Amino acid sequence: QLQLVESGGGLVQPGGSLRLSCAASGITLDYYAIGWFRQAPGKEREGVSCINKSGGSTNYADSVKGRFTISRDNAKNTVYLQMNSLKPEDTGVYYCAAPCTVVAGIISDRYLEVWGQDTLVTVSS
C-alpha cells in the first residue's frame, strides 16, 4: 500500500524559496499522478500542483504559476515542489496526495486515495 511522507517545510521570509519533498514507500510511485495541496488557516483546501505518472505533464493553480515547479524522480520514489518567490499568502499546511486529477484546469482532490501527513510552510518576515 502506498504511503507518502512530506518534508521540507519551514519558516521563510517573503521572496524566499523552499523545496518540499514527498517520499513514497510501499509501492512504486510511478503508478500514480501525484499532487500537492495546501490549506491556509480559515480557508478551503486548494490544489497547488499535479504531475502525471511519467512527469511529462504538469499543472498548477493560477496562484502559483511561474513561482512553483513540481517534478518527480521515479527512481528515488520522490516528488518535489520547488517554491520560489514565496508570499505570505502561501502560508499553510502542504500535503502530497495521490492520485491527483485535473478537471477544467482545476487540480481536484475528488479521487484521492492516499495522503501524506503534511508539512507546515510559513512565509513571514
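As a starting point, this report considers the structure included with it. As the structure is a computational prediction, the values presented were derived from the model and not from experiment. (Residues numbered from 1 in each chain as written. Predicted model: local features only at pLDDT ≥ 70, side-chain atom pairs only at ≥ 80, totals over all residues. Heavy atoms only, no water.)

## Points about the overall build of the chain
Counting its regular elements, the chain contains zero helices and 13 strands. Listed N to C, the secondary structure of the chain is β-β-β-β-β-β-β-β-β-β-β-β-β in terms of helices and strands. Expressed as lengths along the three principal axes of its C-alpha atoms, the size of the chain is roughly 40 × 30 × 25 Å. Going through the 125 residues of the chain one by one, you find that 44% of them count as buried. For the chain, the computed accessible surface area is about 6,400 Å², with 47% contributed by carbon and sulfur atoms. Separation of charge centres in the chain, based on 11 positive and 11 negative side chains, amounts to 4 Å. (Helix = DSSP H or I, 4+ residues; strand = E, 2+ residues; numbered from the N terminus. Buried < 20%, exposed > 50% of the residue type's maximum accessible area, 1.4 Å probe, protein only. Areas by Shrake-Rupley, 256 points an atom, 1.4 Å probe, with all protein chains shown as cover. Lys, Arg positive; Asp, Glu negative; His and termini not counted. Charge placed at Lys NZ, Arg CZ, Asp CG, Glu CD.)

## Examining the nonpolar core
In terms of nonpolar packing, the biggest core is built from 28 residues, with Trp36, Leu81, Met83 and Tyr94 touching the most fellow members. When contributions to this core are tallied by element, the ones reaching two or more residues are strand E3 (18-25), strand E4 (34-39), strand E5 (46-51), strand E7 (68-73), strand E8 (78-83), strand E9 (92-98) and strand E13 (119-123). (Core = buried A, V, L, I, M, F, W, Y, C linked by side-chain atoms within 4.5 Å.)

## A short note on the packing of aromatic side chains
Overall, the coordinates contain two aromatic pairs when judged by the stated rule. Taken together, a centroid distance of 5.6 Å and an interplanar angle of 55° make the contact between Phe37 and Trp115 tilted. Of this pair, Phe37 sits in strand E4 while Trp115 sits in strand E12 (residues 114-115), placing them 78 residues apart in sequence. By relative accessible area, which is 1% here, Phe37 ends up buried. (Phe/Tyr/Trp six-rings, centres within 6.5 Å; stacked < 30°, edge-to-face > 60°.)

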